[in-house]
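One-letter residues, chain by chain:
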Amino acid sequence: FPVPVLCVQHIGEGFLQDLVGWLAECSRLPVCVAARGEVPRPGVVYFAPDGAHLELDAGGRFDLSTVPAYDGHRPSVTVTLRAVARCFGSGALGVVLTGMGRDGAEGLAEIAAAGGTTIAQDEASSVVYGMPREAAALGAAQQVLPLAQIGPALIAVTSNGVGATPSRKEQT
């Protein structure tokens, strides 16, 4: 896969490492918990650590923040997507999958406003159609797709160079 994959999972404290371990066994891509200062590598799946927002600094390195929860969540999908929008601009790509609440909707809107690509999972394939519904209702999702179509859509978008490097604005 030609770009890094950043994931924010709402999960009880202490369960993330087991999830990451299980996914690492099942996935053809390496899966790990993001570390502060690390440069995201293409083809690696990174999860926000327990109790910290996953952000990116101006150089595109991971920054972990313990500022208060956003909309009740830390880590927050919106916080991460906002960081992706700032760092990658029109090259940003954001996806909001099944989940309760509205976390991620505002961050997805910021990616769309920056000229990036946005996708939300559709209602029929969602276990809980809260987060993707809120993103779609906000007009943040350019595409609303069944889960089975999201992977192929990501491959199509990234094959065109989306998400490859931080925007020039952030590199200066």
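Cut-offs used in this document
Residues numbered from 1 in each chain as written. Predicted model: local features only at pLDDT ≥ 70, side-chain atom pairs only at ≥ 80, totals over all residues. Heavy atoms only, no water. Salt bridge = Lys/Arg side-chain N within 4 Å of Asp/Glu carboxyl O. Helix = DSSP H or I, 4+ residues; strand = E, 2+ residues; numbered from the N terminus. Buried < 20%, exposed > 50% of the residue type's maximum accessible area, 1.4 Å probe, protein only. Core = buried A, V, L, I, M, F, W, Y, C linked by side-chain atoms within 4.5 Å. Contact = heavy atoms within 4.5 Å. Polar contact = N/O pair within 3.5 Å; in protein donor to acceptor, adjacent residues only side chain to side chain. Pairing = 2+ DSSP bridges. Axes fitted to C-alpha atoms, helices over the stretch in contact; angles between N-to-C directions.

(A) Focus on the pattern of salt bridges. Under the counting rule described, the total for this entry stands at six salt bridges. Linking arginine 82 and glutamate 110 is a salt bridge whose minimum nitrogen-to-oxygen distance equals 2.6 Å. Here glutamate 110 lies in helix α3 (residues 105-113) and arginine 82 lies in helix α2 (residues 77-88), a separation of 28 residues in the sequence. Residue glutamate 106 is joined to arginine 102 by a salt bridge in which the shortest nitrogen-to-oxygen separation is 2.9 Å. Glutamate 106 gets classed as partly exposed once you look at its relative accessible area, which sits at 25%. Here arginine 102 falls in the partly exposed class, since its relative accessible area comes to 30%. What you see here is one network of salt bridges that share partners, running through Arg82, Arg102, Glu106, Glu110 and Glu134.

(B) A look at the nonpolar core. Of all hydrophobic cores here, the largest spans 27 residues; its most connected members are Leu56 and Leu108. When residues in this core are grouped by element, the largest group, seven residues, is from α2. Beyond its immediate sequence surroundings of up to four residues, leucine 108 is in contact with Leu81, Gly94, Val95, Val96, Thr118, Ile119, Ala135, Ala140 and Ala141. Within the second largest apolar cluster, seven residues are counted, among which are Cys7, Leu16, Leu19 and Val20.

(C) Summary view of the side chain of serine 126. The topology assignment puts serine 126 in the loop between β7 (117-121) and α4 (131-137). Separated by 2.7 Å, the side chain of serine 126 and the backbone oxygen of aspartate 122 make a polar contact. Setting aside residues no more than four positions away along its own chain, serine 126 makes contact with Thr98, Gln121 and Pro132.

(D) Inspection of the sheet that holds β7 at higher detail. With parallel pairing, the three strands of this open sheet are ordered in space as β6-β7-β8. Two strands bound the open sheet, and with one partner strand each, they are β6 (93-96) and β8 (143-145). Recorded for the sheet is a direction-independent mean angle of 20° between the axes of neighbouring strands. When β6 meets β7, the two strands line up parallel, connected through four bridges. Looking at β7, one finds that glycine 94 is bridged to threonine 118. Helix α5 (residues 147-158) rests against β6, β7 and β8 of the sheet, and its axis sits at about 170° to β7.

(E) Region of the structure containing the sheet that holds strand β2 (residues 31-33). Sheet architecture is open: three strands sit in the order β1-β3-β2, paired in parallel fashion. Every other strand in the sheet has two partners, leaving β1 (5-7) and β2 as the edge strands with one partner each. When strand polarity is set aside, the average angle formed by the axes of neighbouring strands in this sheet is 25°. Of the pairings in the sheet, the one linking β2 to strand β3 (residues 45-47) comprises three bridges and is parallel in character. Bridge pairing in β3 places valine 33 opposite phenylalanine 47. The strands touched by helix α1 (residues 16-26) within the sheet are β2 and β3, with β2 carrying the most contacts at an inclination of about 160°.

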